[in-house]
Amino acid sequence: MASTLFRAIAQGDTLSARLLCGILSSPKTTIAALLCVILVAASLLAPWIAPQNPYDLGAIDFFDSKLAPGSTSMGGMTYWLGTDTQGRDMLSAMLYGLRTSLWVGVTAGMLAMLVGTLAGLIAAYARGWVETLIMRFVDLMLSLPTILVALMILVIFGQGTWKVILALIFVQWAYFARAVRAAAMIETGKDYVEAARCLGLSPTRILLSHILPNCLPPLIVIAMIQVAHAIAAEATLSFLGIGLPITEPSLGLLIANGYQVLLAGLYWMSVFPGLLLLTLVFSINVVGDRLREVLNPRLAQ
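Definitions and cut-offs
- Residues numbered from 1 in each chain as written.
- Predicted model: local features only at pLDDT ≥ 70, side-chain atom pairs only at ≥ 80, totals over all residues.
- Heavy atoms only, no water.
- Helix = DSSP H or I, 4+ residues; strand = E, 2+ residues; numbered from the N terminus.
- Buried < 20%, exposed > 50% of the residue type's maximum accessible area, 1.4 Å probe, protein only.
- Contact = heavy atoms within 4.5 Å.
- Areas by Shrake-Rupley, 256 points an atom, 1.4 Å probe, with all protein chains shown as cover.
- Lys, Arg positive; Asp, Glu negative; His and termini not counted.
- Charge placed at Lys NZ, Arg CZ, Asp CG, Glu CD.
- Salt bridge = Lys/Arg side-chain N within 4 Å of Asp/Glu carboxyl O.
- pLDDT = per-residue confidence, 0-100.
- Expected span 1.5 Å × (residues − 1).
- Bend = angle between axes of the 7 residues up to and from the residue.
- Core = buried A, V, L, I, M, F, W, Y, C linked by side-chain atoms within 4.5 Å.
- Patch = residues over 30% accessible without salt bridge, like charges linked within 9 Å, V, L, I, M, F, W, Y side chains within 5 Å.
- Axes fitted to C-alpha atoms, helices over the stretch in contact; angles between N-to-C directions.
- Parallel < 35°, antiparallel > 145°, perpendicular 65-115°, else oblique.
- Left-handed = near helix turned anticlockwise from the far one by under 90°.

## Overview of the overall build of the protein chain
Stage number 1. A tally of regular secondary structure across the protein chain gives 14 helices and two strands.
Stage number 2. A principal-axis box enclosing the C-alpha atoms of the protein chain has dimensions of 80 × 55 × 30 Å.
Stage number 3. In the protein chain, which comprises 301 residues, the proportion classed as buried is 44%.
Stage number 4. For the protein chain, the proportion of contacts with a sequence separation of at least 24, taken over those separated by at least 6, is 69%.
Stage number 5. Summed over its atoms, the accessible surface of the protein chain is roughly 15,600 Å², and 69% of this surface lies on carbon and sulfur atoms.
Stage number 6. In the protein chain, the 17 positive side-chain charges and the 15 negative ones have mean positions that sit 10 Å from each other.

## Brief notes about the pattern of salt bridges
Stage number 1. Taken as a whole and judged by the stated rule, the model has eight salt bridges.
Stage number 2. Among the ionic pairs, R136 bridges to D139, the shortest N-O distance being 2.8 Å. With R136 and D139 both in helix 6 (residues 128-143), this residue pair falls three residues apart, about one helical turn.
Stage number 3. Of the residues examined, R136 reaches a relative accessible area of 48% and is grouped as partly exposed.
Stage number 4. Given the relative accessible area of 25%, D139 is considered partly exposed.
Stage number 5. Residue D289 pairs with R292 through a salt bridge whose shortest N-O separation is 2.8 Å. Of the two residues, D289 and R292 both sit in helix 13 (residues 268-295), three residues apart, roughly one turn of that helix.

## Notes on the confidence of the model for the protein chain
Stage number 1. Summarising the model, the protein chain shows a mean pLDDT of 85, and 93% of its residues fall at 70 or more.
Stage number 2. Within the protein chain, the lowest mean pLDDT, 46, falls on helix 1 (residues 2-10), and the highest, 93, falls on helix 3 (residues 27-44).
Stage number 3. Segment residues 8-12 is flagged for pLDDT under 50; beyond a separation of four residues in sequence, or across chains, it makes six contacts in the model.

## A few points about helix 8 (residues 161-188)
Stage number 1. The end-to-end C-alpha distance of helix 8 is 39 Å, a good match for the 40 Å that 28 residues give at a rise of 1.5 Å each.
Stage number 2. Of all bends in helix 8, the biggest is about 35 degrees, found at Q172.

## Concerning the nonpolar core
Stage number 1. Among the nonpolar cores identified, the biggest contains 34 residues, and V104, L121, V164, L168, F176, A184 and I211 are the most heavily contacted of them.
Stage number 2. Per-element accounting of this core gives the leading share, 11 residues, to helix 8.
Stage number 3. The residues contacting V104, other than those within four sequence positions of it, are T161, V164, I165, L168, E234 and L244.
Stage number 4. I23, V261, W268 and M269 belong to the second-largest nonpolar core, a separate cluster that totals 32 residues.

## Here's the deal with a nonpolar patch on the surface
Stage number 1. A cluster of nonpolar residues, F239, L240, Y259, L262, Y267, V271, L275, L278 and F282, forms a patch on the protein surface that exposes about 890 Å² of accessible area.
Stage number 2. A total of four residues in the nonpolar patch trace back to one element, the largest contributor, which is helix 13.
Stage number 3. Mapped onto the elements of the fold, L262 is located in the loop between helix 12 (251-259) and helix 13.
Stage number 4. Among the residues examined, L262 registers a relative accessible area of 31% and is labelled partly exposed.

## A short note on the packing of helix 7 (residues 146-157) against helix 11 (residues 216-239)
Stage number 1. Interhelical geometry of helix 7 versus helix 11 gives an angle of 50 degrees and a closest axis separation of 11 Å. By the criterion of interaxial angle, the relationship of helix 7 to helix 11 is oblique. For helix 7 against helix 11, the interelement crossing comes out right-handed. For the pair helix 7 and helix 11, the contacting residues are I147, A150, L151 and L154 in the first and A233, T236 and L237 in the second.

Structure below.
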């Protein structure tokens, strides 16, 4: 029955059908994709499914601080993952932190893809000194350590959600630009592009309506991987104390807060957010790696 389903999906012969068939044909990737869906749904529904609002001071009891997983408060509430030093429910804090981490990672990844795609398309179509200028800047960006550049940007401009996003865009757009430029250079030499030029179509229409759709396969793969990298980079910056502010905590900040009391035996404050972050990044990377195999003809063979 499963093979019949895969054949039925593959008969659609569309990009979405190929991707869905490639994911469902691998049990490991299917589990990873299911985990991604569950985590995204949990982050979106956090205000409704979290046992408490961990950032509502009226709902937090300081006497419930440092409770072990499975403990019950005097009010009768069970903390399945324990509480932190301020008395916040760790499960609720992790759901809200997951929401923030996903939002920052996805936003940074998508905006970096937009900037890098435009740069790559312009370099491939314009050629000459424009291509040289863009690609030399891309080479410069790729030669610099990602975290170091992001650290320098945040040290200069300070903390803030959008400052973290802009820092991640600055260090990630070059990956998209190089991949799109390579794919677009292959497409610009094909007959349909020359035919579009002969018809008098504008360069913008040729790039966006004809060349860009044929560059989507590598873009999808890189986008998945770079979203995972953005989430991990944001967690690293927040762990170091220069990422997101305390008012908008992410998983990285939760890990940092728990790390301070880790040697005191209060392991759950740091270990549980770390496991959630590891599961999220690992599952996204597994799906992205499978999509790379599906969309790469050589690997598919």
